[in-house]
Amino acid sequence: MYQDYLNAPQGFPKHYISITANEKGITSLYFVNDKEVAVNTSPVINQCIQQLKEYFAGKRTTFSVPLAPEGTEFQSRVWKTLQTIPYGEIWSYKKLALTLGSVNYCRAVGMANSRNPISLIIPCHRVIGHNGKLVGYTGGLDIKRWLLQYEKIEIDE
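The structure presented is a predicted model; accordingly, all values stated were derived computationally and were not measured.

**Q** Can you help me understand the packing of helix α2 (residues 73-82) against helix α3 (residues 93-100) in this one?
**A** Between two packed helices, what matters for the description is the angle formed by their axes and the separation of those axes. Packing of α2 against α3 leaves a shortest axis separation of 11 Å and a crossing angle of 115°. For the element pair α2 / α3, the angle class is roughly perpendicular. You can see that α2 and α3 cross each other, and the crossing is right-handed. Of the residues in α3, those in contact with F74, R77, V78, T81 and L82 of α2 are L96, T99 and L100. The class makeup of the residues in the contact of α2 with α3 is five nonpolar, two polar and one charged.

See below:
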């Protein structure tokens, strides 16, 4: 297991972005205030850090770093579908559920979003309530709001 940190951009609600990886790709990306372990970096983490720096510099809107999240088959389907939401756009949980096959998936989609281990790169922050309001974000609504504003997405609050 490899892990490293990126300093969060100025004004971001947390101090660091914690990134872990295995031999296949990035396994997690979380927003944290403290560095909890010693750094043990890898080429894939270095690639991820470079792409995140480009994103926060306004030079990147998509990511190509290899990902290796662990989850159920349904969670993996949700996470792959999340990656199709373009930069600067938002979807409702209902739209995401319908894209996966049924409006009845709304609750399961919400649970899969809450278990997304690779925040930002798998852009669950781009999913909002059907009424256009900010709802649910494991990292906190302050981070979700910051990311949406950074991507110039206007939302009702």
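Past the structure itself, the notes keep going.
**Q** What am I meant to see in unusual backbone geometry here?
**A** Generally, phi is negative for residues other than glycine and the peptide bonds are trans, each holding for most cases. In this structure, L120 is a non-glycine residue whose phi angle is positive, near 75°. With respect to the element layout, L120 can be found in the loop between α4 (106-114) and β5 (127-128). A relative accessible area of 1% places L120 in the buried class. With a phi close to 60°, K152 is a non-glycine residue in the positive phi region.

**Q** Is there a simple way to explain the UniProt feature "domain: Methylguanine DNA methyltransferase ribonuclease-like" (unreviewed entry) in the protein in this structure?
**A** Residues given the UniProt feature "domain: Methylguanine DNA methyltransferase ribonuclease-like" (unreviewed entry) here are residues 16-69. The distance separating the terminal C-alpha atoms of residues 16-69 is 20 Å; by composition the span is 26% helix and 24% strand.

**Q** Before we go on, may I ask you to explain the side chain of Q75 in this structure?
**A** Relative to the assigned elements, Q75 resides in helix α2. A polar contact of 2.8 Å, which involves the side chain of Q75, links it to the backbone nitrogen of T72. In this structure, Q75 is in contact with A112 and R115, ignoring residues within four places of it in sequence.

**Q** Hey, could you run me through the nonpolar core in this one?
**A** Grouped burial of nonpolar side chains is what soluble globular proteins tend to show. Counting residues in each nonpolar core, the largest one holds 39 residues, and the members touching the most others are L29 and L52. When residues no more than four places from it in sequence are discounted, the contact partners of L52 are L6, I17, I19, L29, F63, L120 and I121. I128, L148, I153 and I155 belong to the second-largest nonpolar core, a separate cluster that totals five residues.

**Q** Honestly, helix α5 (residues 141-150) in this entry has me stumped. Any pointers?
**A** Quick reminder: α-helices carry 3.6 residues per turn. Residues three or four places apart thus point the same way. All of the buried residues along α5 are I143, K144, W146, L147 and L148. Packed against the buried residues of α5 are β3 (26-32), α1 (43-56), α3 and β5. At the C-terminal side of α5, K152 shows a positive phi close to 60°.

**Q** So what exactly am I meant to see when it comes to the pattern of salt bridges here?
**A** Here the idea is simple: oppositely charged side chains can pair when their charged atoms come close. With the rule as written, the count across this model stands at two salt bridges. The salt bridge involving E54 is made with R60; its shortest N-O contact spans 2.8 Å. R126 is paired through a salt bridge with E151; the nearest N and O atoms lie 2.8 Å apart. On the criterion of sequence distance, the pair formed by R126 in the loop between α4 and β5 and E151 in the segment after α5 is long-range, its members being 25 residues apart. Residue R126 is classed as buried on the basis of its relative accessible area, which comes to 4%.

**Q** Honestly, the packing of aromatic side chains in this entry has me stumped. Any pointers?
**A** What describes a pair of aromatic rings is the distance from one ring centre to the other and the angle between the planes of the rings. Within this structure, the stated rule accounts for 12 aromatic pairs. Taking 6.1 Å as the distance between ring centres and 80° as the angle between the ring planes, the aromatic pair formed by Y55 and Y87 counts as edge-to-face. Separated by 32 residues along the polypeptide, Y55 in helix α1 and Y87 in the loop between α2 and β4 (91-92) bring together distant segments of the chain. By relative accessible area, which is 28% here, Y87 ends up partly exposed. The interplanar angle of 5° and the centroid separation of 5.4 Å between the aromatic rings of W146 and Y150 together place this pair among those described as stacked. Here Y150 and W146 lie together in helix α5, a separation of four residues that amounts to about one turn. Among the aromatic residues, ring-to-ring pairing joins F12, F31, Y55, F56, F63, Y87, W146 and Y150 into one connected group.

What counts, and at which threshold
- Residues numbered from 1 in each chain as written.
- Predicted model: local features only at pLDDT ≥ 70, side-chain atom pairs only at ≥ 80, totals over all residues.
- Heavy atoms only, no water.
- Axes fitted to C-alpha atoms, helices over the stretch in contact; angles between N-to-C directions.
- Helix = DSSP H or I, 4+ residues; strand = E, 2+ residues; numbered from the N terminus.
- Parallel < 35°, antiparallel > 145°, perpendicular 65-115°, else oblique.
- Left-handed = near helix turned anticlockwise from the far one by under 90°.
- Contact = heavy atoms within 4.5 Å.
- Nonpolar A, V, L, I, M, F, W, Y, C, P; charged D, E, K, R; others polar.
- Buried < 20%, exposed > 50% of the residue type's maximum accessible area, 1.4 Å probe, protein only.
- UniProt positions renumbered as here; feature names shortened; annotations may be inferred.
- Polar contact = N/O pair within 3.5 Å; in protein donor to acceptor, adjacent residues only side chain to side chain.
- Core = buried A, V, L, I, M, F, W, Y, C linked by side-chain atoms within 4.5 Å.
- Salt bridge = Lys/Arg side-chain N within 4 Å of Asp/Glu carboxyl O.
- Phe/Tyr/Trp six-rings, centres within 6.5 Å; stacked < 30°, edge-to-face > 60°.

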